[in-house]
Amino acid sequence: MTAPVIPLVDLKAQYETIRNDIDRAISRTVANCSFVLGPEVERFEQAFASFCGVRHAIGCANGTDALVLALHALGIGEGDEVIVPAFTFVATAEAVLRTGARPVFADVNERDLILDAETVEKAWTEHTRAVIPVHLFGRMADVDVLQEMAEKRGALLIEDAAQAHGATWKDRKAGSMGKAGCFSFYPGKNLGAYGDAGAVVTNDDDLAHWLKKARNHGRSTKNGHDFPGWNSRLDGLQAAVLNVKLPHLDTWNARRRELAARYEKRLFEVPGVRTLTTAKDTVPAPHHWVVRLPDRDRVARQLAERGIMAAIHYPRPLHRLPAFSDVIASDLSLPNCDQAAREVLSLPLYPELGEEGVDRVVNELATVLKDL
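Now for a quick tour of the structure. All of these numbers come straight from a predicted model, not from anything done at the bench.

## Digging into the overall build of the chain
- When helices and strands are tallied, the chain shows 12 helices and 15 strands.
- Along the first, second and third principal axes, the C-alpha set of the chain runs to 65 × 55 × 35 Å.
- For the chain, the residues scored as buried account for 56% of the 372 residues in total.
- For the chain, contacts bridging at least 24 residues in sequence account for 72% of all contacts bridging at least 6.
- In the form shown here, the chain has an accessible surface area of approximately 16,000 Å², with 50% of it arising from carbon and sulfur atoms.

Following this line, the structure appears as structure tokens:
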């Protein structure tokens, strides 16, 4: 009998564990006809702000909009530069361009593929107005050092926490330490909606007030528009789903850590596999379990043939994408990003995978590598 496929993420398995609550929440929202903003959104904003340990959470349409809105709210615009890692999803730099500012790409450290002070230092110029560290794969950047560096130079720190819902740095939640923290609730995230959704979290009352108007056409009253804004409202159905899932997030993250630890232990026995490190001051919220491999593309193909659906995050660093060719020097050298893009492979990781699932993935990977 052919073994069942192990997907990268199994949202159906998650749904089965919370089916009744999800169905009731969706039915309630449909019955109330609260489809844009409304009580489910307000409830989620309050709960997520409390979860993150901040005063405000402002829901919006997606994680990219969260970054765009935060940058605009903080006055980032034409003539400014914002330092971002080149090894991340495109939205981090894309958002900077949307404000008229210029993304400046920095390399990542070799240990965990995250932006750190040394890489930021090399990218800093007199035009730098902000730094956006990405808490990649659920591991957190050293926010304390980056915050101190930014404050000394009159710049801002904005956290891209789209992959780190519930991760902590010295007992502080991701998103709570910069001037603003930006989240995506794309379905495959540790806290995912059933479509696109996002949020900005902050302790700044004035910033939160501006963001709530900006996401809704600059509106202060139904027909009163204080400035040209955006249509980036979180809808009620997505908020209803998030309200069901949020109370489970700590438990799900803990289970992810257990499975990640099993991966770490088992992969130690497999020659040719390198894993990423986790800083001692962080409790991660593992999003993807990423390994570094020789002949990565061939390994991924052969795993797929064996029913293991791994993925590549990310096959091209941002400074190698045509989208940013007009804003970077042709000779920009970011060797750690380039090397990572050739080697990284994301293995399946989700709470319902179980120890048996991890063992099967590792066993199949060991067989593939042995036969290379």
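Here the narrative resumes, following the displayed structure.
## A look at the packing of helix α3 (residues 63–73) against helix α7 (residues 205–214)
- Here α3 crosses α7 at 125°, and the two axes come no closer than 10 Å. Considered as vectors, α3 and α7 are oriented oblique to each other. The handedness of the crossing between α3 and α7 is right-handed. Seen from α3, the contacting residues are Leu69, Ala70, His72 and Ala73; seen from α7, they are Leu207, Trp210, Leu211 and Ala214.
- In terms of residue class, the contact of α3 with α7 is made up of seven nonpolar, one polar and no charged.

## A word on empty space enclosed by the protein
- Under the definition given, this model contains one cavity of 30 Å³ or more.
- Lining the largest cavity are Val9, Asp10, Leu11, Gln14, Gly188, Lys189, Arg256, Tyr350, Pro351 and Glu352.
- When its residues are assigned to classes, the lining of the largest cavity shows four nonpolar, two polar and four charged.

## A look at a nonpolar patch on the surface
- A cluster of nonpolar side chains, namely Val30, Phe35 and Val36, defines an oily patch on the protein surface of about 240 Å² accessible area.
- Take Val30: it is sitting in helix α1 (residues 11–32).

## A short note on the layout of surface pockets
- Quantified by volume, the largest pocket comes out at close to 480 Å³.
- The wall of the largest pocket is formed by 25 residues, among which Phe89, Gln163, Ser184, Tyr186 and Lys189 lie closest to the centre.
- At the level of elements, α3, α4 (91–98) and β8 (180–184) are the ones that each hand at least two residues to the lining of the largest pocket.
- Split by residue class, the lining of the largest pocket holds 11 nonpolar, 11 polar and three charged.

## Some thoughts on the environment of Val82
- Checked against the element boundaries, Val82 lands in strand β2 (residues 81–85).
- For the pair Val82 and Glu364, spaced 282 residues apart in sequence, the C-alpha separation works out to 42 Å.
- Look past the residues within four positions of Val82 in its chain and what remains in contact with it is Leu71, Ile76, Val96, Arg102, Pro103, Val104, Ala130 and Ile132.

Procedures and definitions
- Residues numbered from 1 in each chain as written.
- Predicted model: local features only at pLDDT ≥ 70, side-chain atom pairs only at ≥ 80, totals over all residues.
- Heavy atoms only, no water.
- Helix = DSSP H or I, 4+ residues; strand = E, 2+ residues; numbered from the N terminus.
- Buried < 20%, exposed > 50% of the residue type's maximum accessible area, 1.4 Å probe, protein only.
- Contact = heavy atoms within 4.5 Å.
- Areas by Shrake-Rupley, 256 points an atom, 1.4 Å probe, with all protein chains shown as cover.
- Axes fitted to C-alpha atoms, helices over the stretch in contact; angles between N-to-C directions.
- Parallel < 35°, antiparallel > 145°, perpendicular 65-115°, else oblique.
- Left-handed = near helix turned anticlockwise from the far one by under 90°.
- Nonpolar A, V, L, I, M, F, W, Y, C, P; charged D, E, K, R; others polar.
- 1 Å grid on protein atoms, 1.4 Å probe; cavity = no way out; pocket = protein on both sides within 12 Å on 5 of 7 lines; lining within 4 Å.
- Points joined across faces, edges and corners; volume = space filled by probe spheres on them.
- Patch = residues over 30% accessible without salt bridge, like charges linked within 9 Å, V, L, I, M, F, W, Y side chains within 5 Å.
- Salt bridge = Lys/Arg side-chain N within 4 Å of Asp/Glu carboxyl O.

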